[in-house]
Amino acid sequence: MESYKFVISLLFTISIFRFDALANEVDTYDFLMPNVSPNKDELYLCTPIRIAPQKNFYVVGFKPNASMHTAHHMLLYGCSQPGSNDSAWSCGEMQSNEIDDRYNTASPCKSGSQIVYAWARDAPRLQLPPDVGFLIGRDSPIKYLVLQVHYMTKFPEGKTDNSGVFLEYTTERMPRQAGVILLGTSGVIPPNKVEHMETACTINEDKVIHPFAFRTHTHSLGTEVSGFVVRRSRKGDIWELLGSKNPQLPQMFYPVVSRTPITTNDVLAARCVMNNTHTHAVSIGATHKDEMCNFYLMYWVQDDSPLEQKYCFSPGPPYYYWSRAPQNFDRIPGRDFNVL
Ligand code: CU
Ligand code: CU
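These figures come from a predicted structure and were not determined experimentally.

Draft legend 1. Fine view of the pairing of strand S14 (residues 176-185). Burial runs high along S14: 9 of the 10 residues are buried. Here strand S11 (residues 132-137) runs beside S14; their pairing, made up of 2 bridges, is parallel. Across the sheet, the residue bridging to Gly133 is Gln177, located in S14. Direction of pairing for S14 relative to strand S24 (residues 311-314): parallel, over a ladder of 4 bridges. Bridging across to S24, Leu182 finds its partner in Tyr311.

As C-alpha cells, this is what we get:
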C-alpha cells in the first residue's frame, strides 16, 4: 500500500472554528476508519494519522462516533511510530486463528505506545478540564495517533464502517498536560468462582500528577473495578480510593473520588472483582469470550510532561495478589470498602 496516502496532516484539515469561554480556538478533526469491511469475527482494526511535526497540538476533547452494536471497543493510541503504514491493518493481540487476509497484521504502535482515549458501551463525549490537553506533535513523543476499533462480527458483503472519534484540539499552549496510565492484569479466573485480579506499581518518577478521571473495563464477568493510591508511611499504608465502578455500566471516564496529588513513592493499585459463573476457567485475552481487567487513570501535570510510565500490569491470579506484592502492603482493603 502506498505509504503516504494516509498521511493527513492536522494542519491542512478543513475545520469548523468554535470559540469557548477562554476564546481558545478549538478545531475538530474527524479521525474515522477508512470505510473498512471486517470479513472475520472479532477483528481488531487500526488506522493511523501522522501529526504535523513542526507544531504542537493539544487534544482537549473526544467525541465518539460509534455504536456498541458494531464496535465492542475503541482505543486511541499515541505512538512514536505506527505499527504499519497501511491505511488500515489488523491489530489484535491474540488472534492467530482470526487473521483477516484483507488486512496485514501488526501491533497498534511500532514504538512509544501509550493510551490517550478509550471508549466502549456507548460512552458519551469526554471533555478535559480547563487548561488541560494531550500534547501531540513537535515537543511530544506522540508523533502519530492510531485508532483501534474492535469489531465483534464480520460484515455482510458490501457493508463498510467508519467508526471513530472526533478529536477536539487547539494549537494554543495548555499549561497542564494530560496523561493516562493503564493498570491491568493477566491471569485466569477459575470456574464458578469470584476472583480478585490485582496490580500495583510504585511511582518512581520525580513528578506530581493530579488525577481527574478514571475508566474501568472488563468483559461480562467483571462486577467491580477499583483504583487506589497507596500512601506509605511508618504507621502503615493508607489506601485512598481513586474510583470504583461496576464495569457493566457505560465504560466512560468518570471523575475521580480523590483529587489529591500523587507523587514519588506513592503506589497506584487496581483491583477487578470477577464473578465467573461459567463451568470453565476464563483467561485474560483479546476476544469478548475472554476477560480483561483494566483501570485507566487520566491525570494532568502542571508545566511538565506526563509520566514516562504508561502501563502497570501484573501476572494476575493465581500468581499475583496484593498480598504477595513486593511492596509488602498492609491494611489491604477487604471486599466491603465503600463502593460508589
Ligand atoms: Cu473489545
Ligand atoms: Cu476488552
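Draft legend 2. The arrangement of the state of the cysteines in detail. Applying the stated criterion across every chain, the model contains 4 disulfides. Disulfide partner of Cys79: Cys109, at an S-S distance of 2.0 Å. A torsion of -65° about the S-S bond marks the disulfide between Cys79 and Cys109 as left-handed. Separated by 30 residues along the polypeptide, Cys79 in strand S5 (residues 71-79) and Cys109 in strand S8 (residues 109-111) bring together distant segments of the chain. Among the residues examined, Cys79 registers a relative accessible area of 0% and is labelled buried. Accessibility expressed as a relative area gives 9% for Cys109, which makes it buried. One disulfide in the model links Cys272 with Cys293; its S-S distance is 2.0 Å. Measuring the twist about the S-S bond at about 85°, one finds the Cys272-Cys293 disulfide to be right-handed. With Cys272 in strand S21 (residues 267-276) and Cys293 in the loop between strand S22 (282-283) and strand S23 (294-302), this pair connects stretches of sequence that are 21 residues apart.

Scoring rules and cut-offs
Residues numbered from 1 in each chain as written. Chains lettered and ligands numbered in written order. Predicted model: local features only at pLDDT ≥ 70, side-chain atom pairs only at ≥ 80, totals over all residues. Heavy atoms only, no water. Buried < 20%, exposed > 50% of the residue type's maximum accessible area, 1.4 Å probe, protein only. Helix = DSSP H or I, 4+ residues; strand = E, 2+ residues; numbered from the N terminus. Pairing = 2+ DSSP bridges. Disulfide = S-S within 2.5 Å.

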